[in-house]
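Chain by chain, the residues run as shown.
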Amino acid sequence: TSAQAATPLPTHVYAPYFETWTTDSLTTTAQQSGARYFTLAFLETLSKTSCTLAWNGSRSDPVTNNHYASDIASLRALGGDVIPSFGGWSADQGGTEIADSCKNVATIAAAYEDVITRYDVTRLDMDVEGRSLTRTDGIDRRNKALKLVQDWAAAQGRPFQVSYTLPTSATGLEQSGVAILQ
């Protein structure tokens, strides 16, 4: 499908995690906290062999139900926006991080593109933790899928950025995080 050019996020943005397993509202949280940008945690697949994304891997909350769409629109009316995050500790432990569970790079890229267009976002976060830090096949699939998405976004004239949430220590980025980026 043809993508519309979404509004890019500011260069520097404070976007704390918004736990999607709660019943909280993005808009209410923004009004109460003053924060206007949120990282939606987390998108996971339905099982260790699935390519179907759902909020927190819940069968009752697949991405296709457009959960959060109206709340995101309300947040944007306040001047805010969201960054969907893929993975997280439970997905990276349970094997439901999409690059670990889905074996087809084009299918992973299509899932990323669907989230981008469905929620009209310009940035995705890859929260790689736990076992996913050493699953080299998943790392390779994720990177190849993101390259396909970058090419797709460029062809559509659509702004697109990727952020990574990776382990750090007191001395900086841990070697496992460096390996993900390499």
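Now for a quick tour of the structure. It should be emphasised that the depicted structure is a prediction, and the values quoted were computed from it without experimental measurement.

### Examining the pairing of strand S4 (residues 81-87)
Counting buried positions over the 7 residues of S4 gives 7, a clear majority of the element. Bridge count between strand S2 (residues 37-45) and S4: 6 bridges; the pairing is parallel. From the neighbouring strand, Phe38 faces S4, where its bridge partner is Val82. Both S4 and strand S5 (residues 123-127) contribute to a ladder of 3 bridges, which runs parallel. Its bridge partner being in S5, Ser85 is matched across the sheet by Asp125.

### With respect to the side chain of Glu44
Checked against the element boundaries, Glu44 lands in strand S2. Buried Glu44, no salt bridge; nearest opposite-charge side chain is Arg135, N-O distance 11 Å. Among the polar contacts listed, one links the side chain of Glu44 to the side chain of Ser90, at a separation of 3.0 Å. Not counting residues within four places of it along the chain, the set of residues in contact with Glu44 comprises Thr52, Leu53, Ala54, Asn56, Gly57, Gly87, Ser90, Ala91 and Thr96.

Calculation rules
- Residues numbered from 1 in each chain as written.
- Predicted model: local features only at pLDDT ≥ 70, side-chain atom pairs only at ≥ 80, totals over all residues.
- Heavy atoms only, no water.
- Buried < 20%, exposed > 50% of the residue type's maximum accessible area, 1.4 Å probe, protein only.
- Helix = DSSP H or I, 4+ residues; strand = E, 2+ residues; numbered from the N terminus.
- Pairing = 2+ DSSP bridges.
- Lys, Arg positive; Asp, Glu negative; His and termini not counted.
- Salt bridge = Lys/Arg side-chain N within 4 Å of Asp/Glu carboxyl O.
- Polar contact = N/O pair within 3.5 Å; in protein donor to acceptor, adjacent residues only side chain to side chain.
- Contact = heavy atoms within 4.5 Å.

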